[in-house]
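# Architecture and fold: a report
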Amino acid sequence: MRCRRGGTSSVLAGTVVLAAALFSVGAAHAQFVVCNQSLDVVNVAIGRDAGDGFSTRGWWIVGANRCATTIRDELSARYVYVHAEDVFGRPVLYGSTEMCVGAKSFEIVGTEACFQRGYRPAKFLEVDTEAVSRWTLFLSPRF
């Protein structure tokens, strides 16, 4: 069966336009992205130095083989702290920095006295972004 509509040059031109549109949309906003390369849904919380101390924020629900933009502004600190757990509350990342998380959507200032303030402590992985303005963290499946 032959089907030649517009030839290969119009197909190539359409592909280039589509790729440029996708690149310009993605590049303008994503500053710290978490990509879940597993087959499980992952809940993600982010910790960062807010200038006057640390704060945490969550939850981003990241589906299997999906990504979520967790920080939209340009990264100003070298380190970002990430806590990820599966839907049963089991850690997916193993870090050593203890910060607070909430049961539902939260934004918490400070890392001390989690239980006394109605939160729970959680271990966050320190991610060295090497002082760049954009970073993507890939979560690999457990084996």
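Check the entry above for the structure.
Residues numbered from 1 in each chain as written. Predicted model: local features only at pLDDT ≥ 70, side-chain atom pairs only at ≥ 80, totals over all residues. Heavy atoms only, no water.

## Considering the sheet that holds strand β1 (residues 32-36)
Filter applied, for reference: Any two strands between which DSSP finds at least two bridges are classified as paired. Secondary structure elements are defined from DSSP: runs of H or I of at least 4 residues count as helices, runs of E of at least 2 residues count as strands, and each element is numbered from the N terminus. Orientation is described by lines fitted to C-alpha atoms, with helices fitted over the stretch in contact, and by angles between N-to-C directions that extend from 0 to 180 degrees.
Taken in spatial order, the 3 strands line up as β4-β1-β9 in an open sheet, and their pairing is mixed. Across the chains shown, the open sheet's two edge strands, defined by having one partner strand only, are β4 (66-71) and β9 (135-139). Taking each pair of neighbouring strands and ignoring which way they run, the sheet shows an average axis angle of 20°.

## Notes on the environment of V109
On the secondary structure map, V109 appears in strand β7 (residues 106-109). Sequence spacing of V109 and R48 is 61 residues, and the spatial spacing of their C-alpha atoms is 9.9 Å.

## Section: the packing of aromatic side chains
How we decide: The aromatic pairing rule takes the rings of Phe, Tyr and Trp, using the six-membered ring of Trp, and pairs them if the centres are within 6.5 Å, calling planes under 30 degrees apart stacked, those over 60 edge-to-face and the rest tilted. Under the scheme applied here, a residue whose accessible area is under 20% of the maximum for its type counts as buried, over 50% as exposed, and between as partly exposed, the area being computed with a 1.4 Å probe on protein chains only.
Under the criterion given, the structure shown has 2 aromatic pairs. Their ring planes at 85° and their centres at 5.5 Å tell us that F54 and Y81 sit as a pair that is edge-to-face. One end of the pair, F54, is in strand β3 (residues 54-62); the other, Y81, is in strand β5 (residues 79-86), and 27 residues separate them in sequence. With relative accessibility at 7%, the residue Y81 sits in the buried group. Between W59 and F106, the ring centres sit 5.5 Å apart and the planes meet at 80°, which makes this aromatic pair edge-to-face. Taken together, the positions of W59 in strand β3 and F106 in strand β7 put the pair 47 residues apart, joining distant regions of the chain. F106 shares its class with W59; the two are buried.

## Examining the nonpolar core
Cut-off, in case you're wondering: Residue types Ala, Val, Leu, Ile, Met, Phe, Trp, Tyr and Cys, when buried and joined through side-chain atoms within 4.5 Å, form a set referred to as a nonpolar core. Contacts are assigned to residue pairs that have any heavy atoms within 4.5 Å of one another.
Among the nonpolar cores identified, the biggest contains 18 residues, and F32, V44, I46, V82 and L139 are the most heavily contacted of them. The set of elements that each furnish at least two residues to this core consists of β1, β2 (42-49), β3, β4, β5 and β9. Those residues in contact with F32, other than ones at most four positions away along the chain, are I46, A68, T69, T70, I71, L75, V80, V82, V127, T129, W135 and L137. In terms of nonpolar packing, the next biggest core, distinct from the first, is built from 11 residues, Y81, F106, I108 and C114 among them.

## Description of the state of the cysteines
Here is the rule we go by: The disulfide criterion used throughout: a pair of cysteine sulfur atoms within 2.5 Å.
With the rule as written, the count across this model stands at 2 disulfides. Between the sulfur atoms of C100 and its disulfide mate C114 the distance is 2.0 Å. With the S-S bond torsion at -85°, the cross-link from C100 to C114 turns out left-handed. You can see C100 sitting in strand β6 (residues 97-101) and its partner C114 sitting in the loop between β7 and β8 (120-128), a full 14 residues away along the chain.

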